[in-house]
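Here are the chains, one letter per residue:
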Amino acid sequence: MARYIFIAGGVMSGIGKGATISSIGRILKSKGFKVAPIKIDPYINVDAGTMNPIEHGEVFVTDDGTEGDQDLGNYERFLGEELNSDNYMTTGRIYQAVIERERNLEYDGKCVEVVPHIPREVISRIKRLEKKTKADFCLIEIGGTVGEYQNILFLEAARMLRLERPRDVVFILVSYLPIPKMIGEMKTKPTQYAVRSLNASGIQPDIIIARASAPLDKIRKEKISVFCNVAEDSIISAPDVKSIYEIPVNFEKDNLGNQILKKFGLQSKQNDLEDWRRLVKKINHLKKEVKIGIVGKYFKTGNFTLMDSYISVIEAIKHASYDLSLEPKIVWLSAQDYEKNPSKLKVLNDFDGIIVPGGFGSRGVEGKIKAIKYCREHQIPFLGLCLGMQLAVIEFARHVAHLKKANSTEFSNKCQAPVIDLMEEQKKNLKANKYGGTMRLGAYPCQLHPSSLARKLYKESLVSERHRHRYELNNKFRSLLEEKGMLMAGLNPEQDLVEIIEVPAHPFFLAVQFHPEFKSKPLEPHPLFRAFIKTSAKKKH
Ligand code: GLN
């Protein structure tokens, strides 16, 4: 039977619960255990697919087409494993299942109540994952921050599971310790309140992970220990690090893995983090910089710039760069700037390579098309992802194939040259306003053209990649685009859809209808990202 590790966050969001649980997972895996992570999102949304990326961050897609929280990406990258729908739940999903069951008379005429039926449904899903994966440890991340109303029922699930299996549950609080500039001292009080809040839910944390910009000192460790009722050796310092991939190595300096085993009454075990340590060493000895621009739109929130919307793209750039001993410098370029002021396009020359990532809706699209044209004409390495491929096709159609009115029906419903058009099966969905979970989602095969760059890079002729889109290259325009020099480098063999395009007469001009970033791992960089970064690093300025 599995054991359960619950993780919740204290004080504020964004302190790295996902990276923490992923790191713990990596450590336990390196000690020979099988681990199964679960992310709980306390939203009414049934999945992350309907959430705005600026508000909620990237929507991560798994092979089975689950549109999940970005933390699933962290889990996959740290564990080097592929996850699925069982690794994700939301409040919406839980309520939906309970209500469906009630409608089917599966509760034998009982009153169906928030407590205990909702937490029981949560527990049954955790146990289902445990059964399916035969995991030694289920790692359960409760989204949000303790003290808020939204995640109370998940804390309740943790409490009920501990009541049922007292020796098999460990609770970890990841908390934040601010060092206000005007005081210049690390403050523990917000963490004390977070623990009180947890106590009010009937939970006493076993371990506290103290996130801060600096390491935790002895004085503050003692204070947290006394006020929060947690042994000093179970309070783990987690200062900011250069790269999140250092976290497992840092935790092991504090012997966190064995601490956790001890809480479960298990024997200490050696870890084998050798490959991970090698990676961290490499990250700390990078030789040369590679400057990559991302032309997008989902990064402004008020006066702040966020990178959460493109987190997998950023990580994929890092994996490839680290593998090549390069220090990636990633710069956000706002597509709309080029619409208002095309002279700004010259800035693109300062970059070694440009990525146009995925996106929805017409805002910023014309600016992205201008940027792609500039890359194509000025030999700047270019990688297009999903929307990035669709816009590369529109750009090529307009300026090389002279279809001045080329566009996607996503942006211009009645355009004269719809080189990108809604997929047949999607027409019904949109007509019926069925938006949730209805895109072309998850893994599909892609057959590579024998003389394509993609074929050379993948070193295979048939690959599988993850998708999340409704629009496609319109096959009616395929031969015209090919005549003008575009290579249809990858096709879906069953539906004859274009999955990869290349412009061979260019140092690197490749765009894909899928999201290769979802499959890149720190120890296994994605071949397309690796080649893009490698070519970019050679660019002459
Ligand atoms: N908006 C485009 C589509 O739906 C691209 C989607 C994306 O970039 N993920 O096809």
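Rules behind the numbers
- Residues numbered from 1 in each chain as written.
- Predicted model: local features only at pLDDT ≥ 70, side-chain atom pairs only at ≥ 80, totals over all residues.
- Heavy atoms only, no water.
- Helix = DSSP H or I, 4+ residues; strand = E, 2+ residues; numbered from the N terminus.
- Polar contact = N/O pair within 3.5 Å; in protein donor to acceptor, adjacent residues only side chain to side chain.
- Salt bridge = Lys/Arg side-chain N within 4 Å of Asp/Glu carboxyl O.
- Buried < 20%, exposed > 50% of the residue type's maximum accessible area, 1.4 Å probe, protein only.
- Pairing = 2+ DSSP bridges.
- Axes fitted to C-alpha atoms, helices over the stretch in contact; angles between N-to-C directions.
- Contact = heavy atoms within 4.5 Å.
- Phe/Tyr/Trp six-rings, centres within 6.5 Å; stacked < 30°, edge-to-face > 60°.
- Left-handed = near helix turned anticlockwise from the far one by under 90°.
- Nonpolar A, V, L, I, M, F, W, Y, C, P; charged D, E, K, R; others polar.
- Core = buried A, V, L, I, M, F, W, Y, C linked by side-chain atoms within 4.5 Å.
- Near = heavy atom within 4 Å.
- Areas by Shrake-Rupley, 256 points an atom, 1.4 Å probe, with all protein chains shown as cover.
- Expected span 1.5 Å × (residues − 1).

## Concerning the environment of Glu 502
Residue placement: Glu 502 occurs in strand β22 (residues 497-502). Linking Glu 502 and Leu 487, residues 15 residues apart in sequence, is a C-alpha distance of 5.1 Å. Looking at Glu 502, its side chain comes within polar contact range of the main-chain nitrogen of Ala 454, at 2.8 Å.

## Re the pattern of salt bridges
One pass over the full model with this rule turns up 40 salt bridges. Salt-bridge contacts for Arg 398 lead to Glu 366; the nearest nitrogen and oxygen are separated by 2.9 Å. One end of the pair, Arg 398, is in helix α15 (residues 387-399); the other, Glu 366, is in helix α14 (residues 365-377), and 32 residues separate them in sequence. For Glu 366, a relative accessible area of 32% puts it in the partly exposed group.

## Quick word on the sheet that holds strand β6 (residues 137-145)
Here seven strands make up an open sheet; going across it, the order is β5-β2-β6-β1-β7-β8-β9 and the pairing parallel. Of all the strands in the sheet, just β5 (88-90) and β9 (235-239) have a single pairing partner and so form its edges. If you compare each strand with its neighbour and ignore which way they point, the axes differ by 20° on average. Bridge count between strand β7 (residues 169-176) and strand β8 (residues 207-212): five bridges; the pairing is parallel. Residue pairing in the sheet places Ser 175 in a bridge with Ala 210 of β8. Against the sheet, helix α1 (residues 17-30) touches β1 (3-10), β2 (35-41), β6, β7 and β8, its axis set at about 170° to β6. Sheet strands touched by helix α7 (residues 189-200): β1, β7 and β8. Its angle to β7, the strand with the most contacts, is close to 145°.

## Observations concerning the environment of Val 512
Within the secondary structure layout, Val 512 lies in strand β23 (residues 509-512). For Val 512, a relative accessible area of 0% corresponds to the buried category. Separated by 11 residues in sequence, Val 512 and Ile 501 have C-alpha atoms that sit 6.5 Å apart. Residues in contact with Val 512, not counting those within four places in the same chain, are Gly 384, Leu 385, Cys 386, Met 389, Glu 499, Ile 500 and Leu 528.

## Section: the sheet that holds strand β16 (residues 406-408)
Read from one edge to the other, the open sheet built from three strands follows the order β16-β17-β20, with strand pairing classed as mixed. The sheet terminates laterally at β16 and β20 (471-473), the two strands that pair on one side only. Ignoring which end each strand starts from, the neighbouring axes of this sheet average 30° apart. In the sheet, strand β17 (residues 417-422) pairs with β20 via three bridges, with the strands oriented antiparallel. The partner of Leu 422 across the bridge, within β20, is Tyr 471.

## A few points about the packing of aromatic side chains
Summed over all chains, the structure comprises 10 aromatic pairs. Between Phe 78 and Tyr 245, the aromatic rings sit 5.3 Å apart at their centres with planes inclined by 40°, giving tilted as the arrangement. Of this pair, Phe 78 sits in helix α3 (residues 71-79) while Tyr 245 sits in the loop between β9 and α9 (247-253), and the two are 167 residues apart along the sequence. Phe 78 sits in the buried class, given a relative accessible area of 0%. The buried category is assigned to Tyr 245, whose relative accessible area is 1%. Their ring planes at 35° and their centres at 5.5 Å tell us that Phe 78 and Trp 276 sit as a pair that is tilted. Taken as a pair, Phe 78 in helix α3 and Trp 276 in helix α11 (residues 274-283) lie far apart in primary sequence, 198 residues in all. Taken as a pair, Phe 78 and Trp 276 share a single burial class, namely buried. Three or more aromatic residues link up through ring pairs in this structure, and these residues are Phe 33, Phe 137 and Phe 264.

## Concerning the packing of helix α12 (residues 311-323) against helix α19 (residues 527-537)
Each pair of packed helices gets described by two things: the angle between the helix axes and the distance between those axes. Orientation of α12 relative to α19, taken along the N-to-C sense of each, is 65°, at an axis distance of 8 Å. The crossing of α12 and α19 is right-handed. Here Val 313, Ala 316, Ile 317, Ala 320, Ser 321 and Asp 323 of α12 come into contact with α19, specifically with Phe 529, Arg 530 and Ile 533. Of the residues contributing to the contact of α12 with α19, the split by class is six nonpolar, one polar and two charged.

## Some remarks on the nonpolar core
Ile 5, Ile 24, Leu 28, Phe 137, Ile 172, Ile 209 and Phe 251 are the most contacted members of the largest nonpolar core, which totals 46 residues. No other element matches the five residues that α1 contributes to this core. For Ile 24, the contacting residues outside a window of four places in its chain are Ile 7, Leu 139, Ile 172, Ile 209, Phe 251, Leu 256 and Ile 260. Counting residues in each nonpolar core, the second largest holds 45 residues, with Ala 8, Ile 94, Cys 138 and Val 146 among its members.

## Details of the site of the ligand
Close to the ligand lie Gly 358, Gly 359, Phe 360, Cys 386, Leu 387, Gln 390, Glu 410, Arg 468, His 469, Arg 470, Tyr 471 and His 515. Between Glu 410 and the ligand, the recorded distance is 2.8 Å, taken from a side-chain N or O atom to a nitrogen atom. Tyr 471 has a polar backbone atom sitting 2.9 Å from an oxygen atom of the ligand. When the ligand is considered free in solution it has 300 Å² of accessible area, and contact with the protein chains removes 99% of it. Listed by contribution, the elements that provide at least two residues to the shell around the ligand are α15 and β19 (462-469).

## What about α14?
With 13 residues, α14 should reach 18 Å at 1.5 Å per residue; the first-to-last C-alpha distance of 18 Å fits that figure. If you check which residues of α14 are buried, you get Val 365, Gly 367, Lys 368, Ile 369, Ala 371, Ile 372, Tyr 374, Cys 375 and Arg 376. Check the buried side of α14 and you find it contacts β10 (288-296), α13 (335-340), β14 (353-356), β15 (382-385), α15 and β23.

## With respect to the side chain of Gln 426
Relative to the helices and strands, Gln 426 is located in helix α16 (residues 424-431). A relative accessible area of 2% means that Gln 426 is categorised as buried. Those residues in contact with Gln 426 that lie beyond four places of it in its chain are Thr 438, Met 439, Arg 440, His 469 and Arg 470.

## Structural notes on unusual backbone geometry
Note that the residue after Val 115, namely Pro 116, is joined by a cis bond; omega there is 15°. The topology assignment puts Pro 116 in helix α5 (residues 114-133). For Lys 134, which is not glycine, the phi torsion reads 55° and is therefore positive. With respect to the helices, strands and loops of the structure, Lys 134 is situated in the loop between α5 and β6. Unusually for a residue other than glycine, Asp 496 sits at a positive phi of about 55°. Relative to the helices and strands, Asp 496 resides in the loop between β21 (487-492) and β22. By relative accessible area, Asp 496 is classed as partly exposed at 36%.

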